[in-house]
Amino acid sequence: MASPDNTPDQPTAHPRFAEALRALGLDVEVRRFPDATRTAAEAAAAVGCSLDQIVKSLVFAADGVPVLVLMDGASRVDLERVRAELGAAEVRRADAALVRETTGYAIGGVPPFGHRTRTRVVADRGLLRHDLVWAAAGTPHTVFALDPETLIGHAGAALADVREREA
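Residues numbered from 1 in each chain as written. Predicted model: local features only at pLDDT ≥ 70, side-chain atom pairs only at ≥ 80, totals over all residues. Heavy atoms only, no water.

Below, the discussion takes up helix α5 (residues 148-155). When α5 is considered as a whole, its buried residues turn out to be Pro148, Leu151, Ile152 and Ala155. Buried residues of α5 fall within an arc of 95 degrees about the axis and therefore sit on the same side. Turning to α5, the residues buried within the fold contact β2 (54-62), β3 (65-72), β5 (120-124), β6 (133-136), β7 (142-146) and β8 (158-160). Downstream of α5 by one or two residues, Gly156 has phi in the positive range, about 70 degrees. (Buried < 20%, exposed > 50% of the residue type's maximum accessible area, 1.4 Å probe, protein only. Helix = DSSP H or I, 4+ residues; strand = E, 2+ residues; numbered from the N terminus. Arc of directions from axis to C-beta. Contact = heavy atoms within 4.5 Å.)

Next up, the structure:
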């Protein structure tokens, strides 16, 4: 099957993520782009949507335990709010090795579900403002769209207000 950039020999989604989609019974279009969509801004430009319709899948360490936070592309995660939500003493951004070890994906391609290990997930409530959101499909070149309720449900995420407040 050819991908949008007409490269039939390259799969559109990461194999682990494609398997997760099949296991969940999700039939979503995965779009592949010739240029990387590692950042939310690159993904929004490639897809043609607003920055806040991009779902960033960010890994943090809460008292040393990995946790995934789903945040819209226009916002930043407030570590203090995440710490309070989790009841943790300390929350810090995970390094690239912990992200790959936890999820099985590299930074810039982490999807909201289909990870190597079962991880606690927190989704910012602001994602629900949209009818459709876009997230990475396991590689820096692939994205997929889904309604936020379904995406959050399949991620097993708890809803919380964890974005930085605007000044």
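What follows concerns the nonpolar core. Counting 30 residues, the largest nonpolar core has Phe17, Leu70, Phe144 and Leu151 as the members making the most contacts within it. Where this core is concerned, the elements lending two or more residues are α1 (15-24), β2, β3, α4 (96-103), β5, β6, β7 and α5. With sequence-adjacent residues up to four places away left out, Leu70 is seen in contact with Val55, Lys56, Ser57, Pro112, Val121, Val122, Ala123, Asp124, Leu127, Leu151, Ala155 and Ala157. Residues Val69, Met71, Ala88 and Val91 belong to the second largest nonpolar core, which totals 14 residues. (Core = buried A, V, L, I, M, F, W, Y, C linked by side-chain atoms within 4.5 Å.)

Turning our eyes to something else, we now look at unusual backbone geometry. Non-glycine residue Asp63 carries a positive phi angle of around 50 degrees. Structurally, the position occupied by Asp63 is in the loop between β2 and β3.

Looking now at the environment of Asp124. Following the sequence through the fold, Asp124 ends up in strand β5. Under the relative-accessibility criterion, Asp124 is labelled buried at 1%. Considering only alpha carbons, one finds Asp124 and Val69, 55 residues apart in sequence, at a separation of 7.5 Å. Residues within four places of Asp124 in sequence aside, it is in contact with Leu70, Met71, Leu159, Ala160, Asp161, Val162 and Arg163.

Counted according to the given criterion, the structure contains 3 aromatic pairs. Each ring, one from Phe17 and one from Phe113, has its centre 5.4 Å from the other, and the planes form 35 degrees; the classification is tilted. In this pair, Phe17 is assigned in helix α1 and Phe113 in the loop between α4 and β5, connecting sequence segments 96 residues apart. Note on Phe113: relative accessible area 4%, which makes it buried. A ring pair is formed by Phe113 and Phe144, whose centres lie 6.0 Å apart and whose planes are at 70 degrees; its orientation type is edge-to-face. One end of the pair, Phe113, is in the loop between α4 and β5; the other, Phe144, is in strand β7, and 31 residues separate them in sequence. Taken individually, Phe113 and Phe144 each receive the classification buried, so the pair is uniform in this respect. Counting every residue linked through ring pairs, the aromatic cluster contains Phe17, Phe113 and Phe144. Sitting over the face of the ring of Tyr105, Arg16 holds its NZ or CZ atom 5.7 Å from the ring centroid. (Phe/Tyr/Trp six-rings, centres within 6.5 Å; stacked < 30°, edge-to-face > 60°. Lys NZ or Arg CZ within 6 Å of the ring centre and 35° of its normal.)

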